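For reference, the chains in residue letters:
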Amino acid sequence: MISVPVSWLSRDGSARLHGVLLQDGGSVLLQYQTRDWHQGAQRSTARELKLSADNIVLVGYSAGLLWSSPRIEIQSSDFVSLAALDADQSGHLRFRVRGRQRTAAKKLVQELNSALAEVRFSRWTRDMDRLAPTPPSADEAKPGE
């Protein structure tokens with residue numbers, strides 16, 4: 001299981017959040033805690049946020065300007081969960097990644113995207129099977145007999 005240490009600032013910049021991002025099946029698991037920007041004191045106990053594959057819209061990796069600020073971006077349709085993290089109002093999380101964690105971050109994003117593709121494909125096949133016409137049974141085929 002690949003885990004990547006990440007950090008991000010709250011929307012108002014008053015708190016820095018530190019955590020670990022990892023894949024849990026087709027889901028993204030974030031374990032984190034906050035630190036108060038002004039006092040530097042630990043403000044919260046460790047918390048967890050799990051975003052299921054059904055709620056994840058996009059997972060991407062960006063190297064940043066001149067490859068100096070790598071980050072992982074996650075867009076989710078579960079606004080309530082992201083509001084607890086004080087995320088971007090558009091449902092985006094932009095995690096900063098340490099430079100020496102670039103390879104692990106790229107690999108994590110690749111694995112998450114392939115897991116999401118598998119979940120979406122299975123959902124698509126299930127929906128197609130449900131919508132496909134069913135062949136008539138032997139009793140329905142000969143109503144006059």
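Our structure is the block above this text.
Residues numbered from 1 in each chain as written. Predicted model: local features only at pLDDT ≥ 70, side-chain atom pairs only at ≥ 80, totals over all residues. Heavy atoms only, no water.

Got a minute to help me understand the overall build of the chain in this structure?
For the chain, the helix and strand inventory stands at three helices and seven strands. Along the chain, helices (α) and strands (β) appear in the sequence β-β-β-β-β-β-α-β-α-α when read from the amino end. Per-residue burial for the chain yields a buried fraction of 32% across its 145 residues. Restricting the contact set of the chain to residue pairs at least 6 apart, pairs at least 24 apart contribute 43%. Of the roughly 9300 Å² that the chain leaves accessible, carbon and sulfur atoms contribute 52%. (Helix = DSSP H or I, 4+ residues; strand = E, 2+ residues; numbered from the N terminus. Buried < 20%, exposed > 50% of the residue type's maximum accessible area, 1.4 Å probe, protein only. Contact = heavy atoms within 4.5 Å. Areas by Shrake-Rupley, 256 points an atom, 1.4 Å probe, with all protein chains shown as cover.)

What exactly am I supposed to notice about the nonpolar core here?
Looking at soluble globular proteins, one finds that nonpolar side chains tend to be buried together. Core analysis: the biggest nonpolar cluster contains 26 residues, and Leu21, Leu30, Ile72 and Phe95 have the highest contact counts within it. Ignoring any residue separated from it by four or fewer positions in sequence, one finds Leu21 in contact with Ile2, Ser3, Val4, Val6, Val28, Leu29, Leu30, Ile72, Ile74, Phe95 and Leu108. (Core = buried A, V, L, I, M, F, W, Y, C linked by side-chain atoms within 4.5 Å.)

Looking at this structure, how should I read empty space enclosed by the protein?
Here the idea is plain: a probe the size of a water molecule rolls over the atoms and shows the empty space left. Enumeration over the complete set of coordinates arrives at one cavity of 30 Å³ or more. Taken as a whole, the largest cavity spans an internal volume of roughly 30 Å³. Of all elements in the fold, only β3 (27–36), β4 (47–51) and β7 (92–97) reach the threshold of two or more residues within the lining of the largest cavity. Taken together, the residues that form the lining of the largest cavity break down as eight nonpolar, no polar and no charged. (1 Å grid on protein atoms, 1.4 Å probe; cavity = no way out; pocket = protein on both sides within 12 Å on 5 of 7 lines; lining within 4 Å. Points joined across faces, edges and corners; volume = space filled by probe spheres on them. Nonpolar A, V, L, I, M, F, W, Y, C, P; charged D, E, K, R; others polar.)

How should I be thinking about the packing of aromatic side chains in this particular structure?
Describing an aromatic ring pair means giving the distance of the ring centres and the angle of the ring planes. On inspection of all chains with the given rule, the structure shows three aromatic pairs. On the basis of an interplanar angle of 55 degrees and a centroid distance of 6.1 Å, the ring pair of Trp8 and Tyr32 is categorised as tilted. Of this pair, Trp8 sits in strand β1 (residues 3–9) while Tyr32 sits in strand β3; the two residues are 24 residues apart in sequence, bridging distant segments of the chain. The pair formed by Trp8 and Tyr32 is uniform in burial state, with each residue classed as buried. Between Trp8 and Phe95, the aromatic rings sit 4.8 Å apart at their centres with planes inclined by 85 degrees, giving edge-to-face as the arrangement. Of this pair, Trp8 sits in strand β1 while Phe95 is found in strand β7, placing the two residues 87 residues apart along the sequence. Comparing Trp8 with Phe95 shows no difference in burial state: the two are buried. Taken together, the ring pairs in this structure connect Trp8, Tyr32 and Phe95 into an aromatic cluster. (Phe/Tyr/Trp six-rings, centres within 6.5 Å; stacked < 30°, edge-to-face > 60°.)

Explain the environment of Val59 here, please?
Within the secondary structure, Val59 is located in strand β5 (residues 56–62). Overall, the relative accessible area of 5% leaves Val59 in the buried class. Spatially, the C-alpha atoms of Val59 and Ile72 are 7.3 Å apart, while their sequence positions differ by 13 residues. The residues contacting Val59, other than those within four sequence positions of it, are Glu73, Ile74, Val109, Leu112, Asn113 and Leu116.

Is there a simple way to think about the pairing of strand β6 (residues 71–76) in this case?
Where a strand is regular, its side chains alternate between the two sheet faces. Side chains Ile72, Ile74 and Ser76 project from β6 onto a buried face, and the interleaved Arg71, Glu73 and Gln75 project onto a face without burial. Across six bridges, β5 lies against β6 in antiparallel orientation. By the bridge assignment, Ser62 is partnered in β6 with Arg71. The pairing of β6 with β7 spans five bridges and is antiparallel. For Gln75, the partnering residue across the bridge sits in β7 and is His92. (Pairing = 2+ DSSP bridges.)

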